[in-house]
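# Observations on the model geometry
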Amino acid sequence: MVQPPMPDVPPVRSWINGNLATMDGAQAQPYGALEGHALRVRDGRIAALVPMADWRPEPGEDVVDITGRWITPGLIDCHTHLVWAGDRAGEFERRLAGATYAEIAAAGGGIRATVRATRAASVEELAARAAERLRPLLAEGLTTVEIKSGYGLSLAAELAQLRAARRVAELVPVRVTTTLLAAHAVPPEYDGRADAYIDHVCDAILPAAAAEGLADAVDVFCEHLAFSVAQCERVFARAHELGLPVKGHMEQLSNLGGSRLAARYGALSVDHIEYLDEMGIAAIAAAGTTAVLLPGAFYFLRETQRPPVEGLRRAGVPLAVATDLNPGTSPFASLRLMANMACILFGLTVEEGLAGVTREAARALGMTGRRGVLAPGLDADLAIWSSVPHPNALVYEPMAPRLWQRVLGGEIVG
Ligand code: DI6
Ligand code: FE
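Residues numbered from 1 in each chain as written. Chains lettered and ligands numbered in written order. Predicted model: local features only at pLDDT ≥ 70, side-chain atom pairs only at ≥ 80, totals over all residues. Heavy atoms only, no water.

For the rest of this paragraph, the subject is the nonpolar core. Leu134, Val174, Phe227, Val235, Leu312 and Leu348 are the most contacted members of the largest nonpolar core, which totals 107 residues. Broken down by element, this core gets its largest block of residues, 9 residues, from helix 6 (residues 194–211). One finds Ile46, Ile66, Leu374 and Val407 within the second-largest nonpolar core, a separate group that totals 15 residues. (Core = buried A, V, L, I, M, F, W, Y, C linked by side-chain atoms within 4.5 Å. Buried < 20%, exposed > 50% of the residue type's maximum accessible area, 1.4 Å probe, protein only. Helix = DSSP H or I, 4+ residues; strand = E, 2+ residues; numbered from the N terminus.)

Here it is in structure tokens:
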């Protein structure tokens, strides 16, 4: 097969006559807006944001005139379960006919159904399907995606899922960060022996994933139908020993106090948190942990308990928004739709919604200072929009204002 030539990335390039929604809190305007600016990129990083009146081309510089278009940071999805095989549309029909998520899980459906299909698929197959699923997100300006395992639940299958996640970045132009979620559900081999499975996670799966550099972080599902706070703590302690940051699916369906545990381990994020209480808020605020809101799962499960957004704001907890893209509880491949839903369902402002899928999503991945805002020194990951009068339109009308150009490390990739 003839390979296409490698794209030619000039060392210096400016996008001129732009409006920049920097999303940088250091800027005075809402959305960190800088209108009438050029954005200069050098060697894959943002080099400068220059008012057009002061901008002069450098010798040999490549120039793209974007004639008043808006640039935002590339979108970041900080919570997905993108790698899976199989299909759960029938389960959706059963739920609509009255079965609950927990009943379906207890009958061997739910996560376990996806585990059976995922174990049977090859790494290449899993990666190809995941890359395909990512397309709508790329088309709306995504540049970084977090991908979790958790549908393998054995040493071999968890590592295969992580390898597939890494492989996605070779199939499509996107940055991937991986999370080991071996403590997602008790696999059938360990039925009724959750503690023995946690032993296996701590003794075998975690060290193997760490040794191969396959996991950038470690996640758990802390819930009655998954793992207890004590079991999650064992996973976090092992992750700490191995030098891996932790995060958790916490207080999604009930309040077990998983967020306080996460705070004690300096977690990057606690995710879902519909049932988070005041003590949990105080703990994560003190720990500098980001709250990740997942309105897709809330909507799809017809939850009624809303995350305590007002209390989180008061405590100064950063709010990220993500898709939770998965076959069971959030089959939605649109981060902009999630930002819109976070506004409508959870009461975020539009600016908080957009910050949630850029700056705060970067924070949730421990990437503050590297990605998520437009500022000198950060990765030149950009989304440039066609005919958007104002960045609020990206959240207001999630399907309509189109991406004009996607830029990854200074390279035009879409
Ligand atoms: N919480 C969720 O909403 C997903 N995982 C989790 O820990 C559900 C995953 C699935 O049903 O396949
Ligand atoms: Fe999730």
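Next comes the rest of the description.
A few words on the layout of surface pockets. If you add up the space inside the largest pocket, you get close to 290 Å³. If you trace the largest pocket, you find 15 residues lining it, with Arg95, Ala99, Phe300, Leu301 and Arg302 closest to the centre. For the lining of the largest pocket, the element with the most residues is helix 1 (residues 89–96), which contributes 3 residues. Residues that form the lining of the largest pocket fall into these classes: 10 nonpolar, 2 polar and 3 charged. (1 Å grid on protein atoms, 1.4 Å probe; cavity = no way out; pocket = protein on both sides within 12 Å on 5 of 7 lines; lining within 4 Å. Points joined across faces, edges and corners; volume = space filled by probe spheres on them. Nonpolar A, V, L, I, M, F, W, Y, C, P; charged D, E, K, R; others polar.)

The subject of this paragraph is the coordination of the iron ion (ligand 2). Bound to the iron ion (ligand 2) are the protein donor atoms His79 (NE2), His81 (NE2), His249 (NE2) and Asp324 (OD), situated 2.1 to 2.2 Å from the metal. One can describe the donor arrangement at the iron ion (ligand 2) as irregular, given that its 4 donor atoms subtend angles of 84 to 168 degrees at the metal. (Donors = N, O, S within 2.8 Å, 3.2 Å for Na, K, Ca; no water. Tetrahedral: all angles 85-135°; square planar, octahedral: opposite > 155°, others 65-115°.)

It is worth spelling out the sheet that holds strand 11 (residues 269–272) at this point. As summarised here, the arrangement of the 4 strands in space is 10-11-12-13, forming an open sheet in which the pairing is parallel. Both outer strands of the open sheet, strand 10 (247–250) and strand 13 (319–321), are each paired with one neighbouring strand and no more. The average angle at which neighbouring strand axes cross in this sheet is 25 degrees, direction not considered. Across 3 bridges, strand 11 lies against strand 12 (residues 290–293) in parallel orientation. Considered in strand 12, the bridge of Val270 is made with Ala291. (Pairing = 2+ DSSP bridges. Axes fitted to C-alpha atoms, helices over the stretch in contact; angles between N-to-C directions.)

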